[in-house]
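# Commentary on secondary and tertiary structure
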Amino acid sequence: MGEYLMESTNTNSIILAIETSCDETAAAIVRNETELLSNVVASQIESHKRFGGVVPEIASRHHVEQITLVIEEALRKAELSMDDIDAVAVTEGPGLVGALLVGVNAAKALAFAHGKPIIGVHHIAGHIYANRLVEDMKFPLLSLVVSGGHTELILMKEHGSFEVIGETRDDAAGEAYDKVARMLDLPYPGGPHIDRLAHEGTPTYPLPRALLDEDSYEFSFSGLKSAVINTIHNAKQKNQEIIKEDLAASFQQSVIDVLVAKTKKAVEEFQVKQLLLAGGVAANKGLRSELENTFAETGVELVIPPLYLCTDNAAMIAAAGAVLYRKGKFGTMAMNGQPGLPLEVMN
Ligand code: KG4
Ligand code: ZN
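The rules behind each value
- Residues numbered from 1 in each chain as written.
- Chains lettered and ligands numbered in written order.
- Predicted model: local features only at pLDDT ≥ 70, side-chain atom pairs only at ≥ 80, totals over all residues.
- Heavy atoms only, no water.
- Near = heavy atom within 4 Å.
- Polar contact = N/O pair within 3.5 Å; in protein donor to acceptor, adjacent residues only side chain to side chain.
- Areas by Shrake-Rupley, 256 points an atom, 1.4 Å probe, with all protein chains shown as cover.
- Helix = DSSP H or I, 4+ residues; strand = E, 2+ residues; numbered from the N terminus.
- Nonpolar A, V, L, I, M, F, W, Y, C, P; charged D, E, K, R; others polar.
- Domains from an automatic or database assignment.
- 1 Å grid on protein atoms, 1.4 Å probe; cavity = no way out; pocket = protein on both sides within 12 Å on 5 of 7 lines; lining within 4 Å.
- Points joined across faces, edges and corners; volume = space filled by probe spheres on them.
- Phe/Tyr/Trp six-rings, centres within 6.5 Å; stacked < 30°, edge-to-face > 60°.
- Buried < 20%, exposed > 50% of the residue type's maximum accessible area, 1.4 Å probe, protein only.
- Lys NZ or Arg CZ within 6 Å of the ring centre and 35° of its normal.
- Contact = heavy atoms within 4.5 Å.
- Donors = N, O, S within 2.8 Å, 3.2 Å for Na, K, Ca; no water.
- Tetrahedral: all angles 85-135°; square planar, octahedral: opposite > 155°, others 65-115°.

On to the site of ligand 1, then. Near ligand 1 there are 21 residues, and of these G148, D178, D195, G280 and N284 occur at the shortest range. A distance of 3.0 Å separates a nitrogen atom of ligand 1 from a polar atom in the side chain of D195. Out of a free accessible area of 560 Å², ligand 1 has 89% covered by protein chains. If you list the elements that add at least two residues to the shell around ligand 1, you get α4 (123–129), α5 (173–183) and α6 (191–198). Grouping the constituent residues of the shell around ligand 1 by class yields six nonpolar, twelve polar and three charged. Shared between two domains, the shell around ligand 1 takes at least three residues from each, and those domains are domain 1 (14–129 + 310–346) and domain 2 (138–304).

Going through the model one piece at a time under the given rule, you end up with two cavities of 30 Å³ or more. As a volume, the second largest cavity reaches approximately 30 Å³. It is helix α11 (residues 315–327) that provides the largest number of residues to the lining of the second largest cavity, a total of three residues. Of the residues in the lining of the second largest cavity, the class split is six nonpolar, one polar and no charged.

As enumerated under the stated definition, the model contains five aromatic pairs in all. Plain terms: the ring middles of F219 and F221 are 6.2 Å apart, the flat faces sit at 10 degrees to each other, and that makes the pair stacked. Taken together, a centroid distance of 5.7 Å and an interplanar angle of 80 degrees make the contact between Y325 and F330 edge-to-face. For F330, a relative accessible area of 11% corresponds to the buried category. A cation over an aromatic ring shows up here: K265 above the ring of Y217, its NZ or CZ 4.6 Å from the ring centre.

Note that T20 resides in the loop between β1 (14–19) and β2 (24–31). Under the relative-accessibility criterion, T20 is labelled buried at 1%. Those residues in contact with T20 that sit more than four places away from it in its chain are T25, H63, I67, A99, L100, V102 and G103.

Before going further, it helps to spend a moment on the coordination of the zinc ion (ligand 2). Within the first shell, the zinc ion (ligand 2) binds the protein through H123 (NE2), H127 (NE2) and D312 (OD), at distances of 2.0 to 2.1 Å. Every donor counted, the four donor atoms about the zinc ion (ligand 2) form angles of 95 to 140 degrees at the centre, which fits irregular coordination. Each donor residue of the zinc ion (ligand 2) belongs to the same chain, with the gaps between them written as H-x3-H-x184-D. Taken together, the residues H123 in helix α4 and D312 in the loop between α10 (307–310) and α11 connect sequence positions 189 residues apart.

Function cannot be read off these values alone, since they describe shape.
If you want it as structure tokens, here you go:
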């Protein structure tokens with residue numbers, strides 16, 4: 001992060017943002033903090049599929065190939081030139097270091113060449129701010145961030161202020177989905193496939209709900225993943241057939257039970273006005289409907305962004321970057337990709 005200038009109440013800005021933390025090369029432009037002018041995402045999923053997961057080296061190489069094209073496309077779709085841009089925002093971390101570096105260096109080059117300020121954005125702040133492109137934020141709010149790399153409950157009392165009240169001790173929810181999917185011979189990324197199968201099955205396999213009764217907001221999904229693997233191995237040894245739909249339904253129910261119970265507890269404890277769902281796992285139909293049922297009559301507003309804003313994109317980085325722009329929180333040309341960047345540096 002970097003220099004702190006005067007905070008302004010003026011929400012006028014045009015932010016160009018870049019996101020390359022994992023396997024999507026993305027650029028987007030947001031005007032006046034909430035108006036999405038363009039949103040370009042080049043996905044690499046097809047290149048990683050045959051390896052069953054993201055290969056960091058391949059990700060970096062793809063980012064290098066795509067980044068300039070994606071930025072040009074974002075400007076073209078918004079019908080703007082670099083002269084119109086007030087600042088360049090970029091995901092500084094967390095993520096794959098080689099992947100982050102491509103975006104950070106592109107942002108620095110662009111900012112330097114055109115004499116624009118640069119803004120470093122935390123990837124999770126971005127996921128949360130994706131919600132602001134569809135709905136006004138009402139504080140205090142709670143965000144459940146569930147993605148391939150993160151499972152966190154974050155409390156926000158005002159714009160640009162983040163308090164992590166709980167996170168996973170091991171695997172992220174999406175990571176567990178992808179690993180279980182692989183065991184069931186489903187393609188990468190596995191989340192959508194398990195989600196689909198789960199709706200065709202019944203949760204008949206007994207699986208654990210980790211840390212459910214514990215008085216904390218922490219999560220753990222590696223035990224659940226191991227329990228699924230053991231169930232498959234045991235069935236194989238006994239020559240029994242696994243009913244994939246039922247196992248998917250059992251796994252999904254276990255994930256949802258824990259996510260929803262802990263979220264409900266935090267919503268009540270912190271008396272929040274809004275609950276924002278964020279990250280790729282927000283696409284999960286079972287999770288969405290369970291949250292809708294749980295909060296339908298509570299007076300807490302549940303916001304779930306459309307799918308294209310849940311999975312990795314740069315629109316969310318522009319939305320979070322616009323708030324930092326207004327607060328005068330700029331980065332410097334010494335900015336680097338930070339794989340382990342803590343969310344609190346945004347505060
Ligand atoms: O936010 P995201 O695009 O990338 C990260 O920052 O990680 O999230 C990707 C994750 C993957 O693990 C994928 O399997 C999961 O989101 N996902 C889902 C669904 N759609 C995507 N998980 C469960 N159900 C879904 N429908
Ligand atoms: Zn993400």
